[in-house]
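One letter stands for each residue in the lines below.
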Amino acid sequence: MRVTQGCFSFLPDLTDEQITAQVQYCLDKGWAVNIEFTDDPHPRNTYWEMWGLPMFDLRDAAGILKELNDCRRTYGDRYIRLSGFDATHGWESLRISFIVNRPKDEPGFRLLRQEVDGRSVRYTTVSYAVDRPEGSRYE
Amino acid sequence: MSDAAAKPPVAGETPVSSIDLRHEFDAVEIAPVLEQLDRELIGLKPVKTRIREIASLLLVERIRQKMQLATTFPTLHMSFTGNPGTGKTTVAMRMAGILHKLGFVRRGHVISVTRDDLVGQYIGHTAPKTKEILKKAMGGVLFIDEAYYLYRPENERDYGQESIEILLQIMESQREDLVVILAGYGDRMEKFFQSNPGFRSRIAHHIDFPDYNDDELLFIAEQMLRDQNYSFSAQAREAFIRYIAARRTQPLFSNARSIRNALDRIRLRQANRLVSNLDRVVTSQDLMSIESSDVLASRVFSGGADRPRTSTGTP
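Residues numbered from 1 in each chain as written. Chains lettered and ligands numbered in written order. Predicted model: local features only at pLDDT ≥ 70, side-chain atom pairs only at ≥ 80, totals over all residues.

*Asks:* I'm lost on the sheet that holds strand S4 (residues 179-184) of chain B in this one. Help?
*Replies:* Adjacent strands of a sheet form backbone hydrogen bonds with each other and so pair up, either parallel or antiparallel. Residue and element names in this part refer to chain B. Ordered in space as S2-S3-S4-S1-S5, the 5 strands form an open sheet in which the pairing is parallel. The sheet is open, and its two edges are formed by strand S2 (110-113) and strand S5 (205-209), each paired on a single side. Taking the axes of each pair of neighbouring strands and ignoring which way they run, one obtains an average angle of 20° across the sheet. Two elements, strand S1 (residues 78-82) and S4, share 4 bridges in a ladder whose sense is parallel. Among the inter-strand pairings, Thr 81 is bridged to a residue of S4, identified as Gly 184. Helix-sheet contacts for helix H7 (residues 126-137) involve S2 and strand S3 (141-145), and the interaxial angle to S2 is about 155°. (Pairing = 2+ DSSP bridges. Helix = DSSP H or I, 4+ residues; strand = E, 2+ residues; numbered from the N terminus. Axes fitted to C-alpha atoms, helices over the stretch in contact; angles between N-to-C directions. Contact = placed C-beta atoms within 7 Å.)

Structure (structure tokens):
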């Protein structure tokens, strides 16, 4: 099951050229671009691991693409996303976030139904991927 | 900046068989930059010639790319050598403009760094630091001033070497994204290249900046004064000609930078002269004019080495 999180996730995967254009848009807006990765695709898993520091003061997307490719070399089997952080007063938050790399095989989620208190049911989703320990989930 | 200038030449468009050279030249709007270079930079004939040559080469290269004749991206890394104050930094800034107009760098900004910005202080500090700077310079020009300080042969555990290795790697693998300009004094750069042959071979253009002669220095001084709305009186001009001749023979002479510092001190003395007599009305002419006494009070004339507060390096 294809994980759809952040911008563009209902579109086909972005090509490097398209990623470059998006990153350049972020840089032109003065946002700091971050590279994050994870192997836990649960939608509530908000805080992913960061690849290096947020990249402030860059002018051209080439530098970020280079970092992204370095990240892909190491964590090519995980989800990698780029996010643009707007530091201007009043915003101080992410303005854009999109997935740029995903595992070849995304096993999707299992729905857990917990029967509680009479006939009530609580629902929860668990990714099949997290059945395996961290680091070997998408091998 | 026109669209044509902003767009880097891309392969993959349909090849064109003929191109109007004049039109192409005008489209990249490079003539004004070159003219400005001619106008604002005094002397430096060989440098200007060389820059024109490079600009022409790049223009032709650009057309060749449009015709899909060019297969590889030209190497643009440069090295500027010359004595202190000969305009290396200034030319580097202009170079970025030229490269940008021709579409060989995408943004045209200049990141000016020295050893401190590239080399870390402890193990594992250098690589991230250098990479950080390289990332910032992507799409523009990385100007490394006094590049020979990167390499310290006397200390084999110096981290400079690590920085050099990363630089060389990026200079080779990301030629399209980044232009590196090394600058420094001639003899020391020569030594630097000897001990790092990788650099020499990766740098396509070695440009040597000659010293200014006395006339050029006077011209520079007058231009600097004009920019700040000052002017020499006739005697002051005479005195300054003698100042230049005297200053040149003294130690730590650094061409245009010495002139700039001299002018700063002259303005100081001029202000002091004006303030010393408070009971009068000053005109704008008074404020603008520099008299011979302002120049002649310099220690240069009294024979003592005028030790200006310039380090030998670029500030």
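Further notes follow.
*Asks:* Would you explain the interface of chain B and chain A in this entry?
*Replies:* Accessible area lost during the coming together of the parts is what is often quoted as the interface size. Counting from both sides, the interface comprises 10 residues of chain B and, opposite them, 8 residues of chain A. Considering only residue class, the side of chain B that touches chain A consists of 1 nonpolar, 4 polar and 5 charged. (Nonpolar A, V, L, I, M, F, W, Y, C, P; charged D, E, K, R; others polar.)

*Asks:* Looking at this structure, how should I read the environment of B:Ile290?
*Replies:* All names here are of chain B. By secondary structure assignment, the location of Ile 290 is in strand S7 (residues 289-290). Taking the number of C-beta atoms within 10 Å as the measure of exposure, Ile 290 has 23 and is therefore buried. Every residue in contact with Ile 290, bar those within four places of it in the chain, is listed here: Tyr 230, Ser 231, Phe 232, Ser 233, Ala 236, Ile 266 and Gln 270. (Buried ≥ 20, exposed ≤ 12 C-beta atoms within 10 Å, placed from the backbone.)

*Asks:* Just to check I follow, could you spell out the packing of helix H1 (residues 16-28) of chain A against helix H2 (residues 61-75) of chain A for this structure?
*Replies:* For any two helices packed against each other, the geometry is given by the interaxial angle and the distance between the axes. All names here are of chain A. Packing of H1 against H2 leaves a shortest axis separation of 9 Å and a crossing angle of 125°. Here H1 lies oblique to H2, going by the angle between them. Both H1 and H2 take part in a crossing whose hand is right-handed. Seen from H1, the contacting residues are Asp 16, Ile 19, Thr 20, Val 23, Gln 24 and Leu 27; seen from H2, they are Ala 61, Ile 64 and Leu 65. In terms of residue class, the contact of H1 with H2 is made up of 6 nonpolar, 2 polar and 1 charged. (Parallel < 35°, antiparallel > 145°, perpendicular 65-115°, else oblique. Left-handed = near helix turned anticlockwise from the far one by under 90°.)

*Asks:* Any chance you could explain helix H13 (residues 255-276) of chain B here in plain terms?
*Replies:* All names here are of chain B. The terminal C-alpha atoms of H13 lie 32 Å apart, and with 22 residues this matches the ideal 32 Å at 1.5 Å per residue to within 8%. Of the residues making up H13, those classed as buried are Asn 255, Ala 256, Arg 257, Ser 258, Ile 259, Ala 262, Leu 263, Ile 266 and Gln 270. Those residues of H13 hidden inside the fold are in contact with helix H11 (214-227), helix H12 (234-248), S7 and helix H15 (292-296). (Expected span 1.5 Å × (residues − 1).)

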